[in-house]
Amino acid sequence: MRRFLRPGHDPVRERLKRDLFQFNKTVEHGFPHQPSALGYSPFLRLMAIGTRSGAIKLYGAPGVEFMGLHEENNTVMQIHFIPDQCQLVTLLDDNSLHLWSLKQHGGASELREEHRFTLKGPPGSPPSATQITAVLPHSSREVLYLGTESGNIFVVELPSFRVLEDRTITPEAVLQRIPEDNCNRRSCELVEALREHPKNPDQILIGYSRGLIVLWDLQNNKATHHFLGSQQLENLYWQRDGSKFISCHYDGSYTQWPVSSDNRQPEPLENTVPYGPFPCKAISKIYWQTTKNGLPYIIFQGGMPRASYGDRHSISVIHGSQQTAFDFTSRVIDFFIIFSSDPAAEFDDPSALVVLAEEELVVIDLKSAGWPAVHPPYLASLHCSAITCSHHVSNIPLKLWERIISAGSKQNIHYSSMPWPIDGGTNIAPDPPQRDLLLTGHEDGTVRFWDASGVCLHLLYKLSTVRVFLTDADPNDNMNTLGEDEWPPLRKVGTFDPYSDDPRLGIQKIYLCKYSGYLAVAGTAGQVLVMELNDEDAEHVVDHAEADLLQDQEGYRWKGHEKLKTRDGPVRFEAGFQPFVLVQCQPPAVVTSLALHSEWKLVAFGTSHGFGLFDHQQKRLVFVKCTLHPSDQLALEGPLSRVKSLKKSLRQSFRRIRRSRVSSRKRRGGSGNASEVQEANAKFDQDALQEMELAPVQRKIEARSAEDSFTGFVRTLYFADTFLRDSSRHCPSLWAGTNGGTVYAFCLRVPPAERRMDEPVRAEQAKEIQLMHRAPVVGILVLDGRSTPLPEPLEVAHDLSKSPDMQGSHQLLVVSEEQFKVFTLPKVSSKLKLKLTALEGCRVRKVTVANFGSCKTDEYSENDLAVLTNLGDIQIISLPFLKLQIRYPCIRKEDVSGIASCVFTKYGQGFYLISPSEFERFSLSTKWLVEPRCIVDVPEVTSNNHVHNKSGTENAARKSSPGDCGEDERKSGRLMEHALLNDEKVLKEIQSTLEGGR
Amino acid sequence: EFRRFSLERSKPGKFEEFYGLLQHVHKIPNVDVLVGYTDIHGDLLPINNDDNYHKAVSTANPLLRIFIQRKEDADYSAFGTDTMTRKKNVLSNVLRPDNHKKKPHIVISMPQDFRPVSSIIDVDILPETHRRVRLYKYGTDKPLGFYIRDGSSVRVTPHGLEKVPGIFISRLVPGGLAQSTGLLAVNDEVLEVNGIEVSGKSLDQVTDMMIANSRNLIITVRPANQRNNVVRNSRTSGSSGQSTESSLPSSTPNILGSLQQGEEESDEEDIIIEDSGEPQQIPKAAPTSESIESLSQIELLHESTQNGFLPSSEMNSNHSAGSISMEYEVPEPGRKSLEEDGTIITL
């Protein structure tokens, strides 16, 4: 029989498949995981971020994005744009240099690695001789100056990376030209900073680690000035006119030095320890920005008093009497200032401070009073609080879209109104074909609404459910309430806050009805909230009900967490989604499935104990059904709390590891101790890994029995108007599938609209199907007489879908982790099936119905099942015949969290987490493809004798996909489909824990 | 005593009729007898159903020699392969059963009176170094009881010997089904699961495949101990051409055959509890679908045979375990032994 189900070799179908399906990973949304370097080109107005995994990402105006990956997958240590060019140089931690350029290719340009280079010392020299510590791309664009640990400064020609040996600036040469006696060979060890004179390209400033600073004349190969700093040097910065420069030091001080022709060994003008007098931490980078009004901006990183504030990640801005130390939530990787890039301008006039912290990007508006933060249009920190679930809604009606945006804009009033300052390039991608929302649920009880229509994943609105509950943490007790007279003047910025006050608040399931604006949200402690969109603030009482899912089962004791305490009396809610009904499951186990029917005004929810149906119009519990197996003790005692705590402790240990790694990551040799610790850490990790590999792995082969634990888990809930009892009358029905392979069907009687408040909703159990293979049921779907999935509630009412065929016979599709089965309705008899696990050994992790349109013609589209397996493969399976169409490897099978986080859209796209903070977007459809397309306008090169490639306009698109079928065809497709599933993150975790134990 | 009579070769009829005829010819209408015949190789083979009766008639050349024994003093060991070598003995045993009268006789009932626990199948199409074992799982009383692990094995490839990853049996649970069969042993390499090759699949994948097929698990192994292999003699000329060195059991008919088997025989029936309009008959708190009380409500589902994908000939051809039953049916005793294995149920 298998051979009949094998993808046929019908040439027509094969051709059609090519027109329908195509796999592309298109964009990475969110914030790069473990960023390690930052670069900025004032000329291109592009920002570059490098990561510890060797990725490099360029960002400009919203929608302008490029990405590259170093083959070596080594940490990117430094990024430097070549002045006035579409080129940049990266330094990796294996001491290799890489030249990247934005080049046109086939009508679109891409970021490409052009050359790579590793500096080689003379034979026999120690590795430190060529260990690069500082890079200076010279404004002539011809050479790079490379400062090394040995104190040598090598000169390398671009783009060939040929070492110009005769131009090397050796410590010996420098020392010879300094008349001082108190300078010795050791003063010229380790080049800490190289800075070109802002006016005279023939002079560079060389800062050595021990404090010696030399102004070097490249033409005459001599030191014109030298400056004797007493403290270990951290960094240097020129004043715009070149008359002064500023140095910052390890002891938390900074010093201004004059540069004039009459004194070749000047004394410092000013030496300040901004947060003295007690010992301070190093100032690792400093900017000195001039303004028209004469008061400079001094902006520096670090320098906090060592004892009391040494653990803060701060950047201080001093402008006249104003001083603020921006306090970041995570380690500062690097920062830059956006200032007037016009070389003719007299002053810097800084406009924005851009800070790359380890977990988020923060941009501060320096022009507006109070220096407010700017809301970034991209690089959102998805993991401000850990993502616990996600839900995608396609094609949002404009009205709802606007209302969500308006609710969101009321939350964003504290942001600056400044336009996004990093605005290089132009986004030429067509407007997104439709408005899509991605909703993410978080551990802290919030739901974030993201605009997922285009390339930039942009936060529209944030909903918090915390207000409904009484928690230990007082919401007013935040850390921003530092007194005005506090010193240092710390100000918390950024939104990254991974520490949840109460894990019970975590959001596990989300369901949004895009037509009615009803939103159902369910959480870790069995709480189910039904919300309505309200454009105004309001104060009201949330109706509260309890659903006892154990019913009369006796002798069970829940050993997990307690239910959440609710607030009595009216609660004030801000504009947006406001809860009006709260159902709390008893026992308060995590909600594992959720369904909302906005037309019938019913919400169904399930946990590991059973499921219930709530009428949110009459605010009455319709029924509950216990699904527990009598022998399933584990579910009763609260296994979730155990899993949860395991997860928590794991996370904590990861945090510990990360912290220890992060603790000090100066360059190697700089502080040998830290790097030793790091090495030891790495070694330990490796050993642990090896140990794991060596341990004998064996798997028990045993048939699944009814007595297995967790069989009662309700995995999926589904509302359908179908023929449940007889083939003449259809009625509303509720379907539930459990972990033990049982499907329950309930016949519902919903009173007509005019008597909706008067008569109760009734439910009767009509069917119970036990799948003999007992695999967890992960999806239930009813197909109408034309074998089309039933439309969503209100879809027909809004004229957005054909009404379902109620004449022909309906079919029931049950998807378990192992098989797909089609049954007839109303008399349930098996019609078709596709066995996945028995044949391939893989299991279904996610399944959704997706609509695929042909890229060739607008007329044709079809519904298929998009399936993600536990091996990370994506399969497309046809409806209603259940034939495998195509298979793509998508996620590594080891990436359990990536697989668990995957969410499909209704038009064949999808998202999954590639790190805690990044969603990868992929597309299975030839028609619906969201990927960046952008142009980078290269301004006319101003001052130069240099002719380089006259590419006036660079057309750029990242990851240009093969067979990009053009955006003209991306018109609105048909609107009929139905999602089977919400994602099931927690369940998957449990599942994987279980499987691991097996 | 000997009787000689003729049969229409083209229309042999049913075994029941033949049995009746024999009883009539021998004038032993109320005596249970065992019927056997010698095939072309001289083996003594039983005739006890339509299929082997037809086979016997079709291979008669031209004479069909039939042996009849009283059931109570039948010698079952006389049947089977390799009886050719013992032919003389067999015949003497059959003809002069009093030779054995001295020994205490153990009465063993016919194979169909047993519930099969395991079987070696496809002996004729597999290389001699391989063994295809079928495990029959009944309910939950006895665990399958084995573990598998990753390992590496040496294969003969066009480039010479190569070390490739493989899946091996790592442990047998004492008292489990796998151990009790004696057909599987620790360090046997698993080559196929229900007809699907496991090479290139991870341990977890193979685990999932085995569990998904656990109700009718057919695993092809290369036994670690190669000394107990079936030694085939000349009559298996049809498929013995396969090199015994080639470790890849990749002949097409082989895989197809097992695929079909896997598909047809591993189907299980889902259960539905219908509740047509009378919810009170099934209490809401009915603990599980398997409750005995709800037996009357249980309706067995027609499985995939109705969908037209399965030619009925395939169904019939598969007589070894093709009959079906469910736990919930009240089946005839003979079929009971095969519960949960089959494909079709018609109620």
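For clarity, every value in this text was computed on a predicted model and none was experimentally measured.

S.K.: Looking at this structure, I do not really get the overall build of chain B. What am I missing?
M.R.: Along chain B, the regular secondary structure elements total eight helices and 12 strands. Looking at chain B as a whole, 44% of its 347 residues are labelled buried. Contacts in chain B between residues at least 24 apart in sequence constitute 64% of all its contacts with a sequence separation of at least 6. Just so you have it, chain B exposes about 18300 Å², and 54% of that area is on carbon and sulfur atoms.

S.K.: In this structure, what is going on with the overall build of chain A? I would like to understand it.
M.R.: A tally of helices and strands in chain A yields 11 helices and 66 strands. In chain A, which comprises 998 residues, the proportion classed as buried is 61%. The contacts of chain A with a sequence gap of at least 6 include a subset with a gap of at least 24, amounting to 61%. Within the structure as shown, chain A displays about 38600 Å² of accessible surface, and the carbon and sulfur contribution to it stands at 50%.

S.K.: Would you mind going over the domain arrangement of chain B with me for this structure?
M.R.: By a frequent convention, interface size equals the accessible area lost on bringing the separate parts together. Here chain B is described as being made up of domain 1 (15-78) and domain 2 (118-227). A straight line from the C-alpha centre of domain 1 of chain B to that of domain 2 of chain B covers 37 Å.

S.K.: How should I be thinking about a nonpolar patch on the surface in this particular structure?
M.R.: On the surface, Val-154, Val-156 and Leu-161 of chain B cluster together into a nonpolar patch covering about 290 Å² of accessible area. Assignment of secondary structure puts Val-156 of chain B in strand S6 (residues 146-157).

S.K.: Help me understand the packing of aromatic side chains, please; the structure alone is not making it clear to me.
M.R.: Where two aromatic rings form a pair, the distance of their centres and the angle of their planes describe that pair. All names here are of chain A. Counting across every chain of the model gives 32 aromatic pairs over all chains. Considering the side-chain rings of Tyr-518 and Phe-580, the 6.1 Å spacing of their centres and the 50 degrees angle between planes classify their relative orientation as tilted. Note that Tyr-518 is positioned in the loop between strand S37 (507-512) and strand S38 (519-523) and Phe-580 in strand S44 (residues 576-586), a separation of 62 residues in sequence. Linked through ring pairs, Phe-23, Tyr-888, Phe-904, Tyr-912 and Phe-922 together constitute an aromatic cluster. Sitting over the ring of Phe-335, Lys-285 keeps its end group 5.4 Å from the ring centre.

S.K.: I'm lost on helix H2 (residues 50-59) of chain B in this one. Help?
M.R.: At 3.6 residues per turn, the α-helix brings residues three or four places apart onto the same side. Residues and elements named next belong to chain B. The set of residues buried in H2 consists of Asn-52, Tyr-53, Ala-56 and Val-57. Projected onto a plane normal to the axis of H2, the buried residues spread over an arc of 140 degrees and lie on a single side. Residues of H2 that are buried make contact with helix H1 (15-26), strand S1 (33-38) and strand S2 (44-47). The opening residue of H2, the one whose side-chain oxygen lies 3.0 Å from the backbone nitrogen of Asp-51, is Asn-49.

S.K.: Please clarify how the UniProt feature "repeat: WD" (unreviewed entry) in chain A should be interpreted in this entry.
M.R.: Residue and element names in this part refer to chain A. Here the UniProt-annotated "repeat: WD" (unreviewed entry) positions come out as residues 69-103 and 433-451. Secondary structure over residues 69-103 splits into 0% helix and 60% strand, and the C-alpha atoms at its two ends are 16 Å apart. Across residues 433-451 one finds 0% helix and 63% strand; the C-alpha atoms that close the span lie 13 Å apart.

S.K.: Whenever I open this one, the confidence of the model for chain B confuses me. Can you help?
M.R.: Caution applies to low-pLDDT regions: their predicted coordinates should not be interpreted in detail. All names here are of chain B. Predicted confidence across chain B gives a mean pLDDT of 64, with 54% of residues reaching 70 or more. For the stretch residues 81-103, pLDDT sits under 50, and the model shows 26 contacts to residues farther than four places along the chain or on other chains. Contacts for the low-pLDDT stretch residues 234-267, under 50 throughout, to residues beyond four places or in other chains number 76 contacts. Under the prediction, the complex receives an ipTM of 0.74, its pTM being 0.76.

S.K.: Explanation requested: the UniProt feature "domain: Lethal giant larvae homologue" (unreviewed entry) in chain A in the structure shown.
M.R.: Taken from the UniProt record, the annotation "domain: Lethal giant larvae homologue" (unreviewed entry) applies to residues 272-372 of chain A. From the first C-alpha to the last, residues 272-372 of chain A spans 27 Å; its make-up is 4% helix and 46% strand.

S.K.: Is there a simple way to think about the sheet that holds strand S14 (residues 191-196) of chain A in this case?
M.R.: Strand pairs in the sheet, formed through backbone hydrogen bonds, run parallel or antiparallel to each other. All names here are of chain A. One open sheet accounts for four strands, arranged S14-S15-S16-S17; its pairing is antiparallel. Lying at the two open borders of the sheet, with one neighbouring strand each, are S14 and strand S17 (222-228). Neighbour to neighbour, the strand axes of the sheet diverge by 20 degrees on average, direction disregarded. The pairing of strand S16 (residues 212-217) with S17 spans six bridges and is antiparallel. Across the sheet, Trp-216 pairs through a bridge with Ala-223, a residue of S17.

S.K.: Is there a simple way to explain the sheet that holds strand S57 (residues 830-835) of chain A in this structure?
M.R.: Residue and element names in this part refer to chain A. As summarised here, the arrangement of the four strands in space is S54-S55-S56-S57, forming an open sheet in which the pairing is antiparallel. Each edge of the open sheet is held by one strand with a lone partner, namely strand S54 (777-783) and S57. When strand polarity is set aside, the average angle formed by the axes of neighbouring strands in this sheet is 15 degrees. Note that strand S55 (residues 811-816) and strand S56 (residues 819-824) share five bridges and pair antiparallel. Along S56, the bridge assignment pairs Gln-811 with Thr-824.

S.K.: Is there a simple way to think about helix H2 (residues 11-20) of chain A in this case?
M.R.: Residue and element names in this part refer to chain A. Residues of H2 that are buried include every one of Lys-17, Asp-19 and Leu-20, and no others. The arc that holds the buried residues of H2, viewed along the axis, is 160 degrees, so those residues lie on one side. Among the exposed residues of H2, those pointing more than 90 degrees away from its buried face are Pro-11 and Arg-18. The inward-facing, buried residues of H2 abut strand S1 (21-30), strand S58 (844-853), strand S59 (861-869), strand S61 (884-889) and strand S64 (918-925).

S.K.: Help me understand unusual backbone geometry in this model?
M.R.: Negative phi characterises most residues that are not glycine, and trans characterises most peptide bonds. Residue and element names in this part refer to chain A. Note the cis peptide between Leu-158 and Pro-159, where omega equals 0 degrees. Secondary-structure assignment places Pro-159 in the loop between strand S12 (153-157) and strand S13 (162-163). At Asp-84, a position not held by glycine, the phi torsion is positive, near 55 degrees. Structurally, Asp-84 can be placed in the loop between strand S6 (76-81) and strand S7 (87-92). Residue Asp-84 is classed as partly exposed on the basis of its relative accessible area of 22%.

Reading guide: rules and limits
Residues numbered from 1 in each chain as written. Chains lettered and ligands numbered in written order. Predicted model: local features only at pLDDT ≥ 70, side-chain atom pairs only at ≥ 80, totals over all residues. Heavy atoms only, no water. Helix = DSSP H or I, 4+ residues; strand = E, 2+ residues; numbered from the N terminus. Buried < 20%, exposed > 50% of the residue type's maximum accessible area, 1.4 Å probe, protein only. Contact = heavy atoms within 4.5 Å. Areas by Shrake-Rupley, 256 points an atom, 1.4 Å probe, with all protein chains shown as cover. Domains from an automatic or database assignment. Patch = residues over 30% accessible without salt bridge, like charges linked within 9 Å, V, L, I, M, F, W, Y side chains within 5 Å. Salt bridge = Lys/Arg side-chain N within 4 Å of Asp/Glu carboxyl O. Phe/Tyr/Trp six-rings, centres within 6.5 Å; stacked < 30°, edge-to-face > 60°. Lys NZ or Arg CZ within 6 Å of the ring centre and 35° of its normal. Arc of directions from axis to C-beta. Polar contact = N/O pair within 3.5 Å; in protein donor to acceptor, adjacent residues only side chain to side chain. UniProt positions renumbered as here; feature names shortened; annotations may be inferred. pLDDT = per-residue confidence, 0-100. Pairing = 2+ DSSP bridges. Axes fitted to C-alpha atoms, helices over the stretch in contact; angles between N-to-C directions.

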